[in-house]
Amino acid sequence: MKNRIVRGIAGTFILISLLLAIYVNINWLWFNAFVGANLLQSSITKWCLMDTILEKVFKVKN
């Protein structure tokens, strides 16, 4: 369940960032780079910042 939530949040962040880059300021693409870097890092280290945030805020477990 948590993996689906993390993927949904990441996808939402990316889409919102793309819209903001198109309509507000191109620098919003840096947020896309941040999300992508975190996804890449979590695939290598098996630790995800969003997992930690979800556990602490919503007490969501696997």
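Basis of the calculations
Residues numbered from 1 in each chain as written. Predicted model: local features only at pLDDT ≥ 70, side-chain atom pairs only at ≥ 80, totals over all residues. Heavy atoms only, no water. UniProt positions renumbered as here; feature names shortened; annotations may be inferred. Helix = DSSP H or I, 4+ residues; strand = E, 2+ residues; numbered from the N terminus. Buried < 20%, exposed > 50% of the residue type's maximum accessible area, 1.4 Å probe, protein only. Arc of directions from axis to C-beta. Contact = heavy atoms within 4.5 Å. Expected span 1.5 Å × (residues − 1). Axes fitted to C-alpha atoms, helices over the stretch in contact; angles between N-to-C directions. Parallel < 35°, antiparallel > 145°, perpendicular 65-115°, else oblique. Left-handed = near helix turned anticlockwise from the far one by under 90°. Nonpolar A, V, L, I, M, F, W, Y, C, P; charged D, E, K, R; others polar.

Whenever I open this one, the UniProt feature "transmembrane region" (unreviewed entry) in the protein chain confuses me. Can you help?
With numbering aligned to this structure, UniProt lists the feature "transmembrane region" (unreviewed entry) at residues 12-31. Structurally, residues 12-31 comprises 75% helix and 0% strand, and the distance from its first C-alpha atom to its last is 12 Å.

Would you take a moment to explain helix 3 (residues 49-58) for this structure?
Helical geometry: 3.6 residues make up each α-helical turn, so side chains three or four residues apart lie on a common side. The complete set of buried residues in helix 3 reads Met 50, Asp 51 and Leu 54. For helix 3, the angular spread of buried residues about the axis comes to 105°, placing them on one side. The inward-facing, buried residues of helix 3 contact helix 1 (2-23). Of the residues one or two after helix 3, Lys 59 is the one with positive phi, at around 55°.

Just to check I follow, could you spell out helix 2 (residues 29-45) for this structure?
With 17 residues, helix 2 ought to run about 24 Å at 1.5 Å a step, and its terminal C-alpha atoms sit 24 Å apart, in line with that. Among all positions of helix 2, only Asn 32, Val 35 and Ser 42 are buried. Looking straight down helix 2, one finds its buried side chains confined to an arc of 95°; they lie on one side. In helix 2, the exposed residues that point more than 90 degrees away from the buried face are Trp 30, Leu 40 and Ile 44.

Any chance you could explain the packing of helix 1 against helix 2 here in plain terms?
The axes of two packed helices give the description: the angle between them and the distance between them. Relative to each other, helix 1 and helix 2 sit at 160°, their axes nearing to 8 Å. The orientation of helix 1 relative to helix 2 falls into the category roughly antiparallel. Of the two possible hands of crossing, helix 1 and helix 2 adopt the one that is left-handed. Side by side, helix 1 and helix 2 meet where Ala 10, Phe 13, Ile 14, Ser 17, Leu 18 and Ala 21 of the first sit next to Leu 29, Phe 31, Asn 32, Val 35 and Leu 39 of the second. For the contact of helix 1 with helix 2, the per-class residue count stands at 9 nonpolar, 2 polar and no charged.

How do you make sense of the side chain of Asn 32 when you look at a structure like this?
As for its placement among the helices and strands, Asn 32 is situated in helix 2. In this view, Asn 32 contacts Phe 13, Ile 14, Ser 17 and Leu 18; residues no more than four positions away in its chain are not counted.

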